[in-house]
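Read off the chains here:
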Amino acid sequence: MITTQNTNKLTYSTITPKIGLTSALSKTPTEVIDVIIASQLKGRGGAGFPTGMKWKFAADSSGDIKYVICNADEGEPGTFKDRLILTDYADLVFEGMTIGAYAIGSTHGLLYLRGEYTYMRSHLEKVLADRRKNNLLGKDICGKKGFNFDIEIRMGSGAYVCGEETALIESLEGHRGEPRNRPPFPVDTGFFDQPSIVNNVETFAWATCICAKGADWFKSIGTDKSAGPKIFSISGDCEKPGVYEFPFGVSIAQLLKEVGGTNAKAVQVGGASGICVPASEFNRKIAFEDVPTGGSIIIFGQHRDMLQVAKNFMEFFVEESCGQCTPCRDGNAVILRGIEMLERGECTTKYLEELCALGETMQLASKCGLGQSSPNAFISIVKNFKNELMGRAPQCACHE
Ligand SMILES: Cc1cc2nc3c(=O)[nH]c(=O)nc-3n(C[C@H](O)[C@H](O)[C@H](O)COP(=O)(O)O)c2cc1C
Ligand code: SF4
């Protein structure tokens, strides 16, 4: 398998498969959940929900069968860390799913793989086959009587919204990929209405590392509210774009130094649905309590036109909105039209403020995370680069 990106040393490269699983199987399922809770691991897919609590809810929920689902849809613009993890460390991901299965009492795992990653399916199938051969999947795993679990791979088809966990489950069930109302949550009513845990690729790999190295090791890294290391996809105007590991709490400035991007004008943290941080705030920390991210970091150099940045993101959301709810279906299109007015110098300051207010309404009123976060980039670009946006073309007569 070829990986061409730059990277620094990832903890994953120091973990030997099977050690985490063997350690987990020497404990009771409840004890495994306690270890994950004690580690303070939060989901790496973006929302940051505590993983141990998610597993506990699913373990406590009753159902005929329980499912472990790995979200490998990786559709957020600027995110490609899961691709590297699956390419180089698939064993750790499948092992994390197996540990999750033991913890919640599941027999069936599903890896929902981004359609564009079809090329790596044969590699992943081979890793699964080897794990079956080595009794790390299948019946009586590692000799643990009665612990039976296997994993199948299902392909996505390129819809960004299918990364949202309930849309993903709809898609897995063979339906159109549209988000469900929450509650009920997948831990109670997930795949075919059975208790299911949905976790990110990176989250499962960290669960394996935690079982191998211990909860104390994990929480000794990072900050009080954001424990552990984090894997980042770093792209844009820098010398060494790639996949990097930093502890949570790293400042944007530190990260830029590492990748040769110190002359940046702005950094988009969290992909298209994240926020755009200007150079004056590069001392801010990447952590759930300051600037959160699922891992996407896009660097913009001095020459970048921030209106085009905002336009690019809004075009993406207009295209990807599933259209189920009005704030997102219409709101994204209205903001995009406003950006086109700005391009022509036809947008007043007052209308720009109204567009930001619309964005805030979308954040509150949209049904799922797509519409709740799609205005983030636009609002932060208006806040931080208003002069650049307004000063680009002749204003109309009613400009205030
Ligand atoms: C529009 C949208 C797209 C998402 N895409 C992904 C994705 O590609 N991968 C992912 O792990 N989580 C994605 N999420 C978050 C998932 O809904 C869910 O929170 C996550 O898979 C839970 O795993 P974690 O707790 O390990 O982070 C997305 C959310 C939204 C709203
Ligand atoms: S917020 Fe957007 S993507 Fe989510 S349900 Fe509403 S229309 Fe669909």
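What you see is a predicted model, and the numbers here were worked out from it, not measured in a lab. (Residues numbered from 1 in each chain as written. Chains lettered and ligands numbered in written order. Predicted model: local features only at pLDDT ≥ 70, side-chain atom pairs only at ≥ 80, totals over all residues.)

### Quick word on the packing of helix α2 (residues 29-39) against helix α4 (residues 81-104)
The contact between α2 and α4 brings their axes to 7 Å, and the two run at 125°. In terms of their interaxial angle, α2 and α4 are classed as oblique. Handedness of the α2/α4 crossing: left-handed. On α4, the residues touching P29, V32 and I33 of α2 are I99, Y102 and A103. Partitioned by chemical class, the residues of the contact of α2 with α4 number 6 nonpolar, no polar and no charged. (Axes fitted to C-alpha atoms, helices over the stretch in contact; angles between N-to-C directions. Helix = DSSP H or I, 4+ residues; strand = E, 2+ residues; numbered from the N terminus. Parallel < 35°, antiparallel > 145°, perpendicular 65-115°, else oblique. Left-handed = near helix turned anticlockwise from the far one by under 90°. Contact = placed C-beta atoms within 7 Å. Nonpolar A, V, L, I, M, F, W, Y, C, P; charged D, E, K, R; others polar.)

### A word on the site of ligand 2
In the vicinity of ligand 2 lie 14 residues, with C322, C325, C328, C368 and G371 positioned nearest. Looking at the shell around ligand 2, the elements with two or more residues in it are α11 (326-343) and α13 (369-373). The residue makeup of the shell around ligand 2, split by class, is 7 nonpolar, 5 polar and 2 charged. (Near = placed C-beta within 6 Å.)

### Brief notes about the site of ligand 1
For ligand 1, the set of nearby residues contains 23 residues, the closest of which are G43, G45, G163, N200 and G369. Breaking the shell around ligand 1 down by element, the ones donating at least two residues are β5 (196-200) and α13. Per-element accounting of the shell around ligand 1 gives the leading share, 3 residues, to β5. Shared between two domains, the shell around ligand 1 takes at least three residues from each, and those domains are domain 1 (6-219) and domain 3 (306-390). (Domains from an automatic or database assignment.)

### What to know about the domain arrangement of the chain
Per the domain assignment, the segments of the chain are domain 1 (6-219), domain 2 (229-300) and domain 3 (306-390). Using C-alpha coordinates to define each centre, domain 1 is positioned 26 Å away from domain 2. Each partner contributes to the interface: domain 1 provides 19 residues, whereas domain 2 provides 22 residues. Those elements that provide at least two residues to the side of domain 1 that touches domain 2 are β1 (6-7) and α4. A per-class count over the side of domain 1 that touches domain 2 returns 5 nonpolar, 9 polar and 5 charged.

### Considerations on the environment of N6
Within the element layout of this structure, N6 appears in strand β1. For the pair N6 and G242, spaced 236 residues apart in the sequence, the C-alpha separation amounts to 4.5 Å. Residue contacts for N6: discarding those within four places in its chain leaves K240, P241 and G242.

### Some details on the sheet that holds strand β6 (residues 229-236)
Strands sit in the order β1-β7-β6-β10-β8-β9 across an open sheet of 6 strands; the sheet is mixed. Unpaired on one side and paired on the other, β1 and β9 (275-278) mark the two borders of the sheet. For β6 and strand β10 (residues 296-300), the ladder comprises 4 bridges, and the chain directions are parallel. Residue pairing in the sheet places G236 in a bridge with I299 of β10. Helix α14 (residues 376-390) rests against β8 (266-269) and β9 of the sheet, and its axis sits at about 25° to β9. (Pairing = 2+ DSSP bridges.)

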